[in-house]
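A look at the structure
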Amino acid sequence: DAGITQSPRYKITETGRQVTLMCHQTWSHSYMFWYRQDLGHGLRLIYYSAAADITDKGEVPDGYVVSRSKTENFPLTLESATRSQTSVYFCASSKPGTANTGELFFGEGSRLTVL
Amino acid sequence: GENVEQHPSTLSVQEGDSAVIKCTYSDSASNYFPWYKQELGKRPQLIIDIRSNVGEKKDQRIAVTLNKTAKHFSLHITETQPEDSAVYFCAAQNTGFQKLVFGTGTRLLVSP
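The text that follows walks through the structure, step by step, so that each part is easy to find. (Residues numbered from 1 in each chain as written. Chains lettered and ligands numbered in written order. Predicted model: local features only at pLDDT ≥ 70, side-chain atom pairs only at ≥ 80, totals over all residues. Heavy atoms only, no water.)

For the rest of this paragraph, the subject is the interface of chain B and chain A. Each partner contributes residues to the interface: chain B has 19 residues there, and chain A has 25 residues. Where chain B meets chain A, there are zero salt bridges. At the junction of chain B and chain A, the tally comes to four residue pairs in polar contact (both at pLDDT 80 or more). Tallying contributions element by element places strand β4 (residues 32-38) of chain B first for the side of chain B that touches chain A, with three residues. Looking at side-chain class alone, the side of chain B that touches chain A contains eight nonpolar, seven polar and four charged residues. (Contact = heavy atoms within 4.5 Å. Salt bridge = Lys/Arg side-chain N within 4 Å of Asp/Glu carboxyl O. Polar contact = N/O pair within 3.5 Å; in protein donor to acceptor, adjacent residues only side chain to side chain. Helix = DSSP H or I, 4+ residues; strand = E, 2+ residues; numbered from the N terminus. Nonpolar A, V, L, I, M, F, W, Y, C, P; charged D, E, K, R; others polar.)

As structure tokens, this is what we get:
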């Protein structure tokens, strides 16, 4: 049972380049999320998706693009990377249960450095 | 939108002591409050959660309390052990929306 996996785990890129972080889950969870983790800011939601072809903005969506053509995949693209996007990115999924809440299952994280 | 504040940012205790982490939230419509633990270099994992119709919930050495009137909730860890050392995140959610808003985290260090 692979669960939820992210790739790449580590990435170094340069300002202005396009970067795509991949996220794949094997549970068929309907909801998927992208968070970024920065010291002093905790976990901030970038984008989320309620189902295939349904996505919505979170707290910090600027500079990011997502898509969800299949339930199991939720890639995050930085169209033109900036130094301020240096961060650890976590993908997560959940299966809403009681009262539309559910445990978030996080991937291992992708550490992105933008030079 | 929802805003969650978490204190303290760091907490150092001796093994066996108790630790308390406090969070406040702004949206009175929030009614689900989970806590996540993140060990160094690992992914966050849910350790306990509470819903607004409950004032307290316990699971072995950890407990969470909720005061809806004051809009704050707390995590209590008793008899702390070195393996409790981690970053702890509180979060709040309005169950009408599948979006958790996290606090900024508390780094707990338990010294032997």
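Still more to cover.
Residue and element names in this part refer to chain A. Scanning all chains against the criterion turns up 16 aromatic pairs over all chains. When the ring of Y35 is compared with that of F106, the centres are 6.0 Å apart and the planes differ by 50 degrees; the resulting orientation is tilted. Of this pair, Y35 sits in strand β4 (residues 31-38) while F106 sits in strand β10 (residues 105-106); the two residues are 71 residues apart in sequence, bridging distant segments of the chain. Considered together, Y35 and F106 belong to a single accessibility category, that of buried residues. Summarising the aromatic geometry, the rings of Y64 and Y89 are spaced 5.9 Å apart at their centres and angled 65 degrees between planes, so their arrangement reads as edge-to-face. Separated by 25 residues along the polypeptide, Y64 in strand β7 (residues 64-66) and Y89 in strand β9 (residues 87-94) bring together distant segments of the chain. According to the relative accessible area criterion, Y64 is buried, its value standing at 4%. (Phe/Tyr/Trp six-rings, centres within 6.5 Å; stacked < 30°, edge-to-face > 60°. Buried < 20%, exposed > 50% of the residue type's maximum accessible area, 1.4 Å probe, protein only.)

Here the focus is the sheet that holds strand β3 (residues 19-25) of chain A. Residues and elements named next belong to chain A. A sheet is described by the order of its strands in space; here four strands give the open sequence β1-β3-β8-β7, paired in antiparallel fashion. Edge positions in the sheet fall to β1 (4-7) and β7, since each of these pairs with one other strand and no more. Sheet twist, expressed as the average angle between the axes of neighbouring strands with direction ignored, equals 20 degrees. Here β3 pairs with strand β8 (residues 76-78) via three bridges, running antiparallel. Its bridge partner being in β8, L21 is matched across the sheet by L76. (Pairing = 2+ DSSP bridges. Axes fitted to C-alpha atoms, helices over the stretch in contact; angles between N-to-C directions.)

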